[in-house]
Amino acid sequence: MTMIEWFVFFLIIQVIHFLGTWKLYVKAGKKAWEAIIPIYNVIVLMKIINRPTWWVILLFIPIINLLMFPVIWVETVRSFGKYKTTDSFLAVFTLGFYIYYLNYIENVNYIEDRSLKSRTELGEWVSSIVFAIVAATIVHTYIMQPYTIPTSSLEKSLLIGDFLFVSKFHYGARTPMTTIAAPMVHDSLPFIGTKSYLKKPQLPYFRIPGFQDIKRNEIVVFSWPVDTVQRFFDTSNIHIDKPIDKKSNYVKRCVGIAGDSLEIKNGYIYINGEKTVLPDRAKPQFMHKVETNGQQLSATTLKRYDITEGRNMGEYYILNLTDENAARLKKNPLVKNIIKENAPAGEFNSRVFPHNEQYPWSEDNYGPIYIPEAGKTVDLNSASLPFYKRIIEVYENNNLTINGDDIFINGELATTYTFKQNYYWMMGDNRHNSEDARFWGYVPFDHVVGKPVFIWFSWDTNGDGIANKIRWDRVFTTVHGEGKPVSYLYYFLGALILWFGYNSYRKRKKEEEID
């Protein structure tokens, strides 16, 4: 929906509210006109139902408001003496239009000093659950969100089974664009597997200002730009067009930021002509062909070299190795030769972005490629268009047509294009086992979700026994930083014990004072 369409929709809501409540406003000692003034009418309503004014803010937060509207409807009917469960059910089931019945037909009286406590245990329980969900959804959407690592694309830095807290406020929280969706879930409902949202109406993109920009080589969570799968790891082959904030969440390393020139040579990344120096926690891996002297490499040997991924091909092994581990393994007397897999450039690979025969690149030898920056202008021609076509049409919502050698944007001949937002280049450290920007291109800033900051738990499904399945050395560790990750679990447990001890002491002191 456009801003004008949203404005018209907002005015319609005000009229609906006025027509259904103006008599109730009068019965509560207010003026009828106070029911139609936008925002002010909600502030007045909060006074009528004896609820805090800050609730108004919750009514304008997408997703949160879906939870708050039923609460307001129930609170309104209760303020006019309708306490029965049937009344609350009718208020919710009719989407608030039960209030019209009270406004025009039934002669209700306003209860000014009504008790705000639910009259039934069920009502109290429902109220507590609703507000717990509201609080959790606010934290989940705007502050910190939990994620799980499902793939090995950042192996060594982030492992399959790591449970993360992802900060929404570092880069600025992206407000929901999908207005009607189930809270606390992403693109599908648990167990059922169906969509958890409605595609319309959609809010315009907006991001609360953050306190840092995305830095080169930081790990970032983002919405997968080319996502059309029904849900993550979906095998149904059902393809759907998703809103930005409901696309599958990916986590990769941002190896190139807006304005950079990026090139990949023999698997190594070069930014603006210089080879990238990755943080020491980043461990790029490549597939290697490992030939032995005829003997098998035991599981103990593989574990000694920290090899977690590989295949025994009979006469040789295909192993995923860092450069350091490859050099160590080469010294093993069982190993005769190690050859690093390296796909050369020169032969067109349709899987590789920009999927154009002018650019016969491979995942190991790629580019150079320019990463667009907001406000910068590039020439448009047959050579550059394959890189920017999706940006112009999809990410920046223009109508692009081509007539021979002529390019038209929104009906006008275009020889240049100026970008509206920043773009980023996201790649996995597991170079030969990562679905990343080499295959689908740029990540727009409006697709950025947040910055992983903390691993609060880590589960190894291949571990023997519960104790070995939990990676204790990864619990309560930071994602970024230098040196080997340090677990803060014992500090947390110590602080927790002190907190409970203090609370127990304070409670005991109060009881002694009462006695």
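Structure's up top.
We now turn to the structure provided with this report. (Residues numbered from 1 in each chain as written. Predicted model: local features only at pLDDT ≥ 70, side-chain atom pairs only at ≥ 80, totals over all residues. Heavy atoms only, no water.)

1. Description of the overall build of the protein chain
For the protein chain, the count of helices and strands is 13 helices and 21 strands. Taken over the C-alpha atoms alone, the protein chain extends approximately 90 × 75 × 40 Å along its principal axes. Buried positions account for 44% of the 515 residues belonging to the protein chain. Pairs at least 24 residues apart make up 66% of the contacts formed inside the protein chain by residues separated by at least 6 positions. Here the protein chain has roughly 27600 Å² of accessible surface; of this, 60% comes from carbon and sulfur atoms. Side chains of the protein chain give 57 positive and 52 negative charges; the mean places of these two sets differ by 6 Å. (Helix = DSSP H or I, 4+ residues; strand = E, 2+ residues; numbered from the N terminus. Buried < 20%, exposed > 50% of the residue type's maximum accessible area, 1.4 Å probe, protein only. Contact = heavy atoms within 4.5 Å. Areas by Shrake-Rupley, 256 points an atom, 1.4 Å probe, with all protein chains shown as cover. Lys, Arg positive; Asp, Glu negative; His and termini not counted. Charge placed at Lys NZ, Arg CZ, Asp CG, Glu CD.)

2. Let's talk about the sheet that holds strand S9 (residues 310-312)
Two modes of strand pairing occur in sheets, parallel and antiparallel, and in both the strands are linked by backbone hydrogen bonds. Strands sit in the order S9-S10-S8-S11 across an open sheet of 4 strands; the sheet is antiparallel. The open sheet is flanked by S9 and strand S11 (335-340), the only strands paired with a single partner. Adjacent strand axes in the sheet meet at a mean angle of 25°, parallel and antiparallel pairs treated alike. In this structure, S9 lies alongside strand S10 (residues 316-322), joined through 3 bridges in antiparallel fashion. Its bridge partner being in S10, Gly310 is matched across the sheet by Leu319. This element, helix H9 (residues 323-330), spans strand S8 (285-292), S10 and S11 of the sheet and lies at about 135° to S10. (Pairing = 2+ DSSP bridges. Axes fitted to C-alpha atoms, helices over the stretch in contact; angles between N-to-C directions.)

3. Remarks on the packing of helix H4 (residues 64-79) against helix H5 (residues 85-93)
Remark: H4 packs on H5, axes separated minimally by 9 Å, with the N-to-C direction vectors making an angle of 140°. Looking at the two axes, H4 sits oblique to H5. The handedness of the crossing between H4 and H5 comes out as right-handed. Two secondary-structure elements touch here, H4 through Pro70, Trp73, Val74, Val77 and Arg78 and H5 through Asp87, Ser88, Ala91 and Val92. (Parallel < 35°, antiparallel > 145°, perpendicular 65-115°, else oblique. Left-handed = near helix turned anticlockwise from the far one by under 90°.)

4. Observations regarding the side chain of His170
Tracing the backbone through its elements, the reader meets His170 in the loop between strand S2 (162-167) and strand S3 (219-223). In this structure the side chain of His170 is engaged in a polar contact, spanning 2.5 Å, whose partner is the side chain of Ser167. Discounting chain neighbours no more than four positions away, the residues touching His170 are Gly210, Phe211, Gln212, Lys451 and Val453. (Polar contact = N/O pair within 3.5 Å; in protein donor to acceptor, adjacent residues only side chain to side chain.)

5. As for the sheet that holds strand S6 (residues 268-271)
Judged by pairing direction, the sheet is antiparallel, and its 4 strands sit side by side in the order S7-S6-S5-S12 without closing on themselves. The sheet is open, and its two edges are formed by strand S7 (274-275) and strand S12 (366-370), each paired on a single side. Summarising the sheet, strand S5 (residues 261-265) and S6 pair through 4 bridges and their orientation is antiparallel. Residue Lys265 lies in a different strand from S6, and its bridge partner there is Tyr268.

6. A look at the environment of Gln212
Relative to the assigned elements, Gln212 resides in the loop between S2 and S3. For the pair formed by Gln212 and Thr301, sequence separation is 89 residues and the distance between their alpha carbons is 44 Å. In this structure the side chain of Gln212 is engaged in a polar contact, spanning 3.1 Å, whose partner is the side chain of Glu218.

7. Digging into helix H1 (residues 3-27)
In this model, H1 (25 residues) spans 36 Å end to end at C-alpha, consistent with the 36 Å of a helix rising 1.5 Å per residue. Of all the bends in H1, the largest measures some 55° and sits at Thr21. Looking at the packing, one finds that the buried side of H1 touches helix H2 (40-48) and helix H6 (98-104). Positive backbone phi, approximately 85°, marks Gly29, located one or two places after H1. (Expected span 1.5 Å × (residues − 1). Bend = angle between axes of the 7 residues up to and from the residue.)

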